[in-house]
Structure formats: structure tokens, C-alpha cells
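# Chains, contacts and geometry: an overview
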Amino acid sequence: MEYVFFDIECACVYKNVAKICVFGYCVCDEQFHILKKEDILINPNGKFHLTDRGGEGIVLPYDYEEFKKYPDFKAFYPKIKQLLEGEDKLVFGHAAINDVKYLCLETRRYKLPSFTFRFADTQILYMAMTETYDRQAGLEALTQIFEIDYTPHCAADDAYATMRIAQEMCERDKCTLPELLKKYSIRFGKIENYQFNNSSSNRRNEYLREKSREKRERGEKRARFNDFVYGYRVRPQSQELRGKRFSFSRSIEEEFALAKRLVKEIVKRGGKYSLKLSGCNAFVEREGDDSVRRNAAYKMRDEGKITDIYTLGEFERLYATQENDE
């Protein structure tokens, strides 16, 4: 069995276009002895427009004029196909679904038959192994964790770094790579007939389902609170909070009985409640809150847009009467 680790660099990537300029790979045996490592430089037949996900410019460690000397993707297609396909190979990439998508787009662009192979993702594997499902582990971050030297965006080096990360994970768990995939319930992704699906892990899928359920429940709670705020109209009993427009941390809004009681106290004292942070001049945070909304409120205070920020305890001591209001 051979392990094939690959990485792709593109001259440009748009929604339905990915002009591949480098296909890098590292092939090793089951003991991670390197059999071959190579960068295949490809004429992308187009200009270079390189950005990362954040829109920042990327500089590839190649002379861009060199690419014009090489054939286009169609010429290298048979070699790449031979590298990736076959029952005697396990194919790996890091954030591999992106590179698989690029292969799919290029075969369509040049009217070539679809690739057909299965693949696993070392990013998915690391997330399952460390149970860090809330953030993606970039290749560069993992090379620092595992102390691996490599040149970013040099495709063959990226492929080599992916191989070394897989090797380090195997050594850490004292098992072979197939055993590691089985241990953490990694499902292979697949490309076939110009369709592809990602590699996945059962644990991450369970995590994503739970996060989706929690998000849905939070949305339902906020919708209930929003409906209450929109429909609550009573005459104020005093003008103590006149001119004050409050907003709460999301965690307070999602606790309906509490949020409802606090809004009643605000309105009773002549204040108002704003569902939008931009519409408030006073903010109530739950102790220990470090959410995006809370941090935005502090920024607005620094800009003079919010005059008062209370902790929940402070606000209740000042204004709220205790009642059991469901």
C-alpha cells in the first residue's frame, strides 16, 4: 500500500474557475519512507491573482514567468490521474476538499474525464484526535505544533508537511495510519463523475449536529423574546430611565423569563429596549461574558455611543424587582 499526499496551488480561484499552476505530491510507503516527492509545474493559461480566504495576497515561491514554459493541465492529467487513482493507494490532503474541487473544475475546463478516487483529510483527522471541532487547524499551525520545517505554498513541501503530520499523529497514538483512521471514525471523501463529498469524522458530525441544534434553540428563544419586545406596550409609571435605550447580552435575551422581567422594569421606569445594539445607549452584560456583542458594546462605549454598561447583578440591584414571571 502506498500513501499519496498531495497539495495544489492555483494561479487564480473564482466561483467556477480554478486554474491550477502547481500539483505537488509526496508518495511514501506504510512506514512513511518517502518514495517520491515532486512539484509538477503547470501552465495555468491565465493571469495570476492570488489571495487567501481573508483576501490577503499570497506569494508563491516560484518564478511566475517559468510557468509559461510548461504544458497546461491537459498534458499532466494522465500522470496526476495515475498518482491519485488505484486500489493500492490511500490519498490524503490537508483541507483536501478545496484541492479536490480544483481538480474537478480543471477537468471540466479542459473537457477531461472526471477523477475517481477516495481521500482522507489530515485536518479532519487532527480535529477528531484532539476534539477541537470548534476551529479548523491550518497546515502552518500544525507544522508548528509538530515542529516540522516547510516552505508555505510550495506544493510539494505542503504535501510533505501533510505526510509528516500524519506520521506524527500515528507515532503519538502508536498505531498505523489505517488504524488511526479507524480509531477516530474517519470517513473517506470521494470524487466521481464530477461530484465530490468531503472526508468526515463521526465525532465531528455529532458535534456539528449538536451545535446546529443549540443554534436553532437559541434562535427560537431570541425569536420569542423579539416577539415580546415588539408587542409590549404599557404606560410608564415614572421617568427614571427616560432617554435610556437598553440592549442585553444574547445570553440574557435567551433566558426569556429573566429578559422579559428586565424589559418590564425598563419600560415601567420610562426607558426603552432596542433589539439592535446600534440603537441602544446602555448595555447590560452577564458576568464573564466575552461575546462579540459584548465586545462591540465596549467599543461603542469608547466611541461615546454607549454611555452606561452594567453587569446583570448591578442592573438588578439598581432597577429590577424580583418576581416569578414565566
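Residues numbered from 1 in each chain as written. Predicted model: local features only at pLDDT ≥ 70, side-chain atom pairs only at ≥ 80, totals over all residues. Heavy atoms only, no water.

Counting residues in hydrophobic clusters, the biggest one holds 34 residues, and the most contacted among them are Phe-5, Phe-32 and Leu-177. Breaking this core down by element, the ones donating at least two residues are β1 (2-13), β2 (18-28), β4 (89-93), α3 (122-130), α4 (139-145), α5 (155-173) and α6 (177-183). Tallying contributions element by element places α5 first for this core, with 7 residues. Excluding residues that lie within four positions of it along the chain, Leu-177 makes contacts with Tyr-3, Phe-5, Phe-32, Phe-92, Leu-125, Ala-166 and Cys-170. Ranked by size, the runner-up nonpolar core spans 30 residues in total, among them Phe-6, Phe-76, Ile-80 and Leu-103. (Core = buried A, V, L, I, M, F, W, Y, C linked by side-chain atoms within 4.5 Å. Buried < 20%, exposed > 50% of the residue type's maximum accessible area, 1.4 Å probe, protein only. Helix = DSSP H or I, 4+ residues; strand = E, 2+ residues; numbered from the N terminus. Contact = heavy atoms within 4.5 Å.)

What follows is about the pairing of strand β10 (residues 245-248). With 2 bridges connecting them, β10 and strand β11 (residues 272-273) associate as parallel partners. Bridging across to β11, Arg-245 finds its partner in Lys-272. Pairing analysis gives 3 bridges linking β10 to strand β12 (residues 282-285), with the strands arranged parallel. In the strand pairing of β12, Ser-247 is matched with Phe-283. (Pairing = 2+ DSSP bridges.)

With the rule as written, the count across this model stands at 24 aromatic pairs. With 6.0 Å between their ring centres and 70° between their planes, Tyr-310 and Phe-315 make a pair best called edge-to-face. Judged by its relative accessible area of 0%, Phe-315 is buried. Seen in terms of ring centroids, Tyr-310 and Tyr-319 are 6.2 Å apart; in terms of plane orientation they differ by 85°. Their pairing is edge-to-face. (Phe/Tyr/Trp six-rings, centres within 6.5 Å; stacked < 30°, edge-to-face > 60°.)

Checked against the element boundaries, Asp-7 lands in strand β1. Accessibility expressed as a relative area gives 10% for Asp-7, which makes it buried. Leaving out residues up to four positions away in the same chain, Asp-7 has contacts with Val-22, Phe-23, Gly-24, Asp-99, Ala-155, Asp-158 and Ala-159.

With that settled, consider the confidence of the model for the protein. Across the protein, the average pLDDT comes to 90, with 95% of residues at or above 70. By mean pLDDT, the top-scoring element of the protein is helix α1 (residues 73-84) (97), and the lowest-scoring one is strand β9 (residues 200-201) (87). (pLDDT = per-residue confidence, 0-100.)

Okay, the sheet that holds β12 next. With parallel pairing, 4 strands are arranged side by side in an open sheet as β11-β10-β12-β13. Only two strands of the sheet have a single partner each, and these edge strands are β11 and β13 (308-311). Looking at chain direction, β12 and β13 are connected through 4 bridges and run parallel. Bridged to Val-284 within β13 is Tyr-310. Strand contacts of helix α10 (residues 292-302): β10, β12 and β13, with the helix running at about 145° to β12, the strand carrying the most contacts. (Axes fitted to C-alpha atoms, helices over the stretch in contact; angles between N-to-C directions.)

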